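Listed here are the chains, written in short residue letters.
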Amino acid sequence: MEEKSILFVRVQYGVTRLNFFTYYMLAFFGISFFVFEDAAQKSIIKQVLPNITKAEKVDLNANLSFYSEILVIVVVSIWGTLSDKIGRRIVYACGFFFFALGFGFVALAKSAAALYACRMVFAIGAGSSASMLTAVLADYVAVSHKGK
């Protein structure tokens, strides 16, 4: 099989410039969503639940982060296994769909339970994106450059 270079990266045969650019855009937006959700969470809690005490806000913020990370750890392996069976594209698309649902329903949240639900939906998408970042990267890099 023939290897080629795209932007100084040796890639597998069949990986086009469009594939490569799309992967970088998905990586950029996926990582941006991870960071934004964590950075915005404190402000979201303040807007959705303005009448709770500062201590309750701190607890809620920590619990939302903790439980969403636990869910990400659980679903990463599920998404990875599923991507081997049905394909990376579908799993990546489902992940961004769950990102959108999680972000969209935050605007409708009126309680802590709703925030938990939104964050768990977001975590399902984050697990998909995280597992596909590494899987697609492994698929694209040329065999001769793996493990170096």
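What you see is a predicted model; the values in this text were computed from it and never measured.

J.: Explain the layout of surface pockets to me, using residue names and the numbers behind them.
T.: The space that makes up the largest pocket amounts to roughly 230 Å³. Lining the largest pocket, in full, are Leu18, Asn19, Thr22, Tyr23, Leu26, Arg88, Arg89, Tyr92, Val136 and Tyr140. Grouping the constituent residues of the lining of the largest pocket by class yields six nonpolar, two polar and two charged. The wall of the second largest pocket is formed by Lys42, Ile45, Lys46, Lys54, Lys57, Val58 and Asn61. Contributions of two or more residues to the lining of the second largest pocket are made by α1 (17-48) and α2 (54-86). For the lining of the second largest pocket, the element with the most residues is α2, which contributes four residues. Residue composition of the lining of the second largest pocket, by class: two nonpolar, one polar and four charged.

J.: Go over the environment of Leu108 with me, naming the residues and quoting the values.
T.: With respect to the helices and strands, the residue Leu108 is situated in the loop between α3 (88-106) and α4 (112-140). Separated by 10 residues in the primary sequence, Leu108 and Cys118 have C-alpha atoms spaced 9.6 Å apart.

J.: Please provide a residue-by-residue account of the packing of α3 against α4, values included.
T.: Direction vectors running N to C along α3 and α4 enclose 150°, while the axes themselves pass 7 Å from each other. Taken as axis vectors, α3 and α4 run roughly antiparallel relative to one another. Read as a crossing pair, α3 and α4 show a hand that is left-handed. For the contact of α3 with α4, the per-class residue count stands at 18 nonpolar, five polar and two charged.

What counts, and where the lines are drawn
- Residues numbered from 1 in each chain as written.
- Predicted model: local features only at pLDDT ≥ 70, side-chain atom pairs only at ≥ 80, totals over all residues.
- Heavy atoms only, no water.
- 1 Å grid on protein atoms, 1.4 Å probe; cavity = no way out; pocket = protein on both sides within 12 Å on 5 of 7 lines; lining within 4 Å.
- Points joined across faces, edges and corners; volume = space filled by probe spheres on them.
- Nonpolar A, V, L, I, M, F, W, Y, C, P; charged D, E, K, R; others polar.
- Helix = DSSP H or I, 4+ residues; strand = E, 2+ residues; numbered from the N terminus.
- Axes fitted to C-alpha atoms, helices over the stretch in contact; angles between N-to-C directions.
- Parallel < 35°, antiparallel > 145°, perpendicular 65-115°, else oblique.
- Left-handed = near helix turned anticlockwise from the far one by under 90°.

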